[in-house]
Amino acid sequence: MRCTHWRRVPLDLLREAQRKSAPECADSAVQCQLATHDDGEHYGLLHDVGEYGFALWLRWCGSTDVESVALPDCPAIAPGPDGEGCCLFVGHIERHTWEDTLEEISCTS
Ligand SMILES: [Zn+2]
Ligand SMILES: [Zn+2]
């Protein structure tokens, strides 16, 4: 299960994401990409800087503490001949994204 927390992207961070990608690709609200977790910080994807191997994340904790951070991609690959890569960042808590898709029939992301 994916964490169900959403966060509105602060205007300055939204503008920053729009500068780095196409404006229509920058969402004004993001959902936490981690697997369900009880506490700690939430991470929503702002902008995937694909070719450089890192992405811009919105990190928040509570309702006031929010910031953008650039984090390297998680290097974990699902087991198997054509294993799927993890969509999260290195050092994330909880499970890799492909651990969820291995169990669920449809991927919601
Ligand atoms: Zn979360
Ligand atoms: Zn991972």
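Just so we're clear, the structure is a prediction, and the values are computed from it rather than from any experiment.

Caption draft 1: Quick peek at the coordination of the zinc ion (ligand 1). Donor atoms from the polypeptide that bind the zinc ion (ligand 1) are Cys-3 (SG), Cys-32 (SG), His-37 (NE2) and His-42 (ND1), placed at 1.9 to 2.3 Å. Around the zinc ion (ligand 1), the 4 donor atoms sit at angles spanning 96 to 122°, and that spread fits a shape best called tetrahedral.

Caption draft 2: Molecular detail of the sheet that holds strand S4 (residues 54–61). The 3 strands are arranged S3-S4-S5 in an open sheet whose pairing can be described as antiparallel. On the outer flanks of this sheet lie strand S3 (42–49) and strand S5 (65–72), each paired with one strand and no other. The mean inter-strand angle of the sheet, taken between neighbouring strand axes irrespective of direction, is 25°. Bridge count for S4 against S5 is 8 bridges, and the pairing is antiparallel. Counterpart to Leu-56 in the pairing with S5 is Ala-70.

Caption draft 3: Representation of the pattern of salt bridges within the structure. Scanning all chains against the criterion turns up 2 salt bridges. Here Arg-59 and Glu-41 are joined by a salt bridge, their closest N and O atoms 3.9 Å apart. In this pair, Arg-59 sits in strand S4 while Glu-41 sits in the loop between strand S2 (29–31) and S3, placing the two residues 18 residues apart along the sequence. Note on Glu-41: relative accessible area 33%, which makes it partly exposed. For Glu-67, the salt bridge is made with Arg-59, and the minimal N-O distance between the two is 2.5 Å. Its relative accessible area of 33% is what places Glu-67 among the partly exposed residues. What you see here is one network of salt bridges that share partners, running through Glu-41, Arg-59 and Glu-67.

Conventions adopted
- Residues numbered from 1 in each chain as written.
- Chains lettered and ligands numbered in written order.
- Predicted model: local features only at pLDDT ≥ 70, side-chain atom pairs only at ≥ 80, totals over all residues.
- Heavy atoms only, no water.
- Donors = N, O, S within 2.8 Å, 3.2 Å for Na, K, Ca; no water.
- Tetrahedral: all angles 85-135°; square planar, octahedral: opposite > 155°, others 65-115°.
- Pairing = 2+ DSSP bridges.
- Helix = DSSP H or I, 4+ residues; strand = E, 2+ residues; numbered from the N terminus.
- Axes fitted to C-alpha atoms, helices over the stretch in contact; angles between N-to-C directions.
- Salt bridge = Lys/Arg side-chain N within 4 Å of Asp/Glu carboxyl O.
- Buried < 20%, exposed > 50% of the residue type's maximum accessible area, 1.4 Å probe, protein only.

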